[in-house]
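# Examination of the molecular architecture
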Amino acid sequence: IPMRVFHEYINNSKLPTSKISINTGISEEDINDFKSQERFPTYNDLRKLSKFFKSPISTLLSKVEETPEYNFLFRKSVEEDIDLVVIDKFRKYISNILKINADVKKIVPIREILKPANDNYQSAEILATEFRTLFFSADLQSPLTNLPQLLSHELGFVIKIMEAGSNADGASAFVQDHIFLFVSPRFEGRMLFTLAHELGHILNHHSNENFFYLDKNIPGNFNSSKGYQERFANTFASALLLPLNGIVTMLKKIREINRIPDDSPIGDIEILYIARFYGVSFDVVANRFEHLSLIPEGGSYSLSQKIKKDFGSAEKRANELGLPERIVLDFDLLPPFIIHKAVTLINEGRFSVERMAQMLAIPLNRLIKYHAEFGDH
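Structure report, in brief.

## Structural notes on the pattern of salt bridges
Close approach of charged atoms allows side chains with opposite charge to pair. Enumeration over the complete set of coordinates arrives at 13 salt bridges. Residues R186 and E163 are paired through a salt bridge, measuring 3.2 Å at the closest nitrogen-oxygen approach. You can see R186 sitting in the loop between β3 (178-183) and α11 (188-204) and its partner E163 sitting in the loop between β1 (158-161) and β2 (168-175), a full 23 residues away along the chain. Residue classification places R186 among the partly exposed positions, given a relative accessible area of 23%. Here the salt bridges do not stand alone but share partners, grouping E163, D169, R186 and R190 into one network.

Below, the structure written as structure tokens:
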């Protein structure tokens, strides 16, 4: 009997059978029969399970793909407060990318180039500098707002916008040598920081074994993150996107332009300029300044609260000051080697354009454009 998705949901849920029974109204005996595949649920049972797991009946009845990358994702990721449908969405997307069977030799072996470091602040700073040195022309000053393109087009990582629900900002995965970085659709400054945060996990927190990690809400203050791995990822992201040489140089120029005395405390104007220039949020810059002791401890929170009280938000304040607009970023990028293989499969008649667009989770018109660009190559 083929395993169905509802079997997977029931067998791998961290909730005990008794709790599933109470919440669905299905007896524990029946649920245990479903788990062991002794009995198939009735339509009424499926309707209750559909409501409980927040998943359509059609999804519950679909066959589980008997591949390792499909199964391990679920077992290592599900927590009581994470929607099972969200997890299923991630693993289906990853499985679809793997079906394309693209040449993984095109992916830069990042863990062979940058060795994992100790999970502390100093190591995170060093790793960020090493990344910029190797992959950003040793530029330790400029904004890294092209990080999504660099990761996808130069390193071969899949960068995908995917809603992870209200409890999570992003996710990272390493599956059969493919590297995936997911960001939830949020404010762009927050998304860029999330992407860099997930990159920190890829560089330092997987051991070349298949893994999937769903990140809970990433706090603006990286010092308040729970767990040394989260603090490392936040420090790495902050150092990568806000290099010390760059922000100190820019801080000096901003003060000169605005005629702010050198001995004056750093205020919202300097932080807002830097936030816009480097493509991150006000809070990320303020916390970076606090971490570098450029503003006093607790200063980032105080400044953030004052701006919200006086202006509604940091972005409104920046607009009032007439600061340059933010650069529009693209976080939905497929590496060229995957696009080429997808087009080849279409040309060979193995997949329709519509089916491939569904697998890649991109608009049909974008795939048609790719097909026009690469179809004859």
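## Let's talk about the nonpolar core
Counting 97 residues, the largest nonpolar core has F131, L147, L151, F157, I274 and L360 as its most contacted members. Broken down by element, the residue count for this core peaks at 8 residues, all from α11. By size, the runner-up hydrophobic cluster in this structure holds 13 residues, among which are Y9, L15, F34 and L46.

## Observations concerning the environment of A196
With respect to the element layout, A196 can be found in helix α11. Placed 53 residues apart in sequence, A196 and T249 show a C-alpha to C-alpha distance of 22 Å.

## Some words on empty space enclosed by the protein
Enumeration according to the criterion identifies 1 cavity of 30 Å³ or more in this entry. Lining the largest cavity, in full, are Y93, I159, K160, D332, L333, L334, L360, I362, R366 and Y370. At the level of elements, β1 and α20 (364-374) are the ones that each hand at least two residues to the lining of the largest cavity. Residues of the lining of the largest cavity, tallied by class, amount to 7 nonpolar, no polar and 3 charged.

## What about the side chain of D268?
Structurally, D268 is set in helix α14 (residues 268-278). A polar atom in the side chain of D268 sits 2.8 Å from the side chain of R317. Those residues in contact with D268 that sit more than four places away from it in its chain are F282, L303, I307, F311 and R317.

## Considerations on the environment of N287
Following the sequence through the fold, N287 ends up in helix α15 (residues 282-291). In this structure N287 comes out as buried when scored by relative accessible area, which is 4%. Residues N287 and G299, spaced 12 residues apart in sequence, show a C-alpha to C-alpha distance of 8.4 Å.

## Examining the pairing of β2
Of all the 8 residues making up β2, 8 are buried; the element is thus mostly covered by neighbouring parts of the structure. In this sheet, strand β4 (residues 211-216) lies alongside β2 in antiparallel orientation, the contact comprising 6 bridges. What sits directly across from S172, in β4, is Y213. Sheet topology note: the β2/β3 ladder contains 6 bridges and is antiparallel. Across the sheet, the residue bridging to A171 is F182, located in β3. Connecting the antiparallel pair β2 and β3 is a turn made up of 2 residues, with Q176 showing a positive phi of about 45°.

## Thoughts on the sheet that holds β3
Here 4 strands make up an open sheet; going across it, the order is β1-β3-β2-β4 and the pairing mixed. Lying at the two open borders of the sheet, with one neighbouring strand each, are β1 and β4. Along the sheet, successive strands turn relative to each other by an average axial angle of 15°, direction set aside. Pairing between β1 and β3: 4 bridges, direction parallel. Opposite K160, over in β3, you have F182 as the bridge partner.

## Focus: the environment of L367
In this structure, L367 sits in helix α20. Sequence-wise, L367 and M356 are 11 residues apart; in three dimensions their C-alpha atoms are separated by 8.1 Å. With residues up to four places along the chain from it excluded, the contact list for L367 reads I346, V353, M356, A357, L360 and I362.

## A closer look at the packing of aromatic side chains
Going through the model one piece at a time under the given rule, you end up with 10 aromatic pairs. Aromatic side chains F6 and F40 sit 5.4 Å apart centroid to centroid with 85° between the ring planes, which places their arrangement in the edge-to-face category. Of this pair, F6 sits in helix α1 (residues 5-12) while F40 sits in the loop between α3 (28-35) and α4 (43-53), and the two are 34 residues apart along the sequence. Judged by its relative accessible area of 0%, F6 falls in the buried class. What makes F40 partly exposed here is its relative accessible area of 43%. The interplanar angle of 55° and the centroid separation of 5.1 Å between the aromatic rings of F131 and F135 together place this pair among those described as tilted. In this pair, F131 and F135 both sit in helix α9 (residues 121-135), 4 residues apart, roughly one turn of the helix. Like F131, the residue F135 is buried in the burial classification. Taken together through their ring pairs, the aromatic side chains of F90, Y93, F180, F182 and F212 make up a single cluster.

About the criteria used
Residues numbered from 1 in each chain as written. Predicted model: local features only at pLDDT ≥ 70, side-chain atom pairs only at ≥ 80, totals over all residues. Heavy atoms only, no water. Salt bridge = Lys/Arg side-chain N within 4 Å of Asp/Glu carboxyl O. Helix = DSSP H or I, 4+ residues; strand = E, 2+ residues; numbered from the N terminus. Buried < 20%, exposed > 50% of the residue type's maximum accessible area, 1.4 Å probe, protein only. Core = buried A, V, L, I, M, F, W, Y, C linked by side-chain atoms within 4.5 Å. 1 Å grid on protein atoms, 1.4 Å probe; cavity = no way out; pocket = protein on both sides within 12 Å on 5 of 7 lines; lining within 4 Å. Points joined across faces, edges and corners; volume = space filled by probe spheres on them. Nonpolar A, V, L, I, M, F, W, Y, C, P; charged D, E, K, R; others polar. Polar contact = N/O pair within 3.5 Å; in protein donor to acceptor, adjacent residues only side chain to side chain. Contact = heavy atoms within 4.5 Å. Pairing = 2+ DSSP bridges. Axes fitted to C-alpha atoms, helices over the stretch in contact; angles between N-to-C directions. Phe/Tyr/Trp six-rings, centres within 6.5 Å; stacked < 30°, edge-to-face > 60°.

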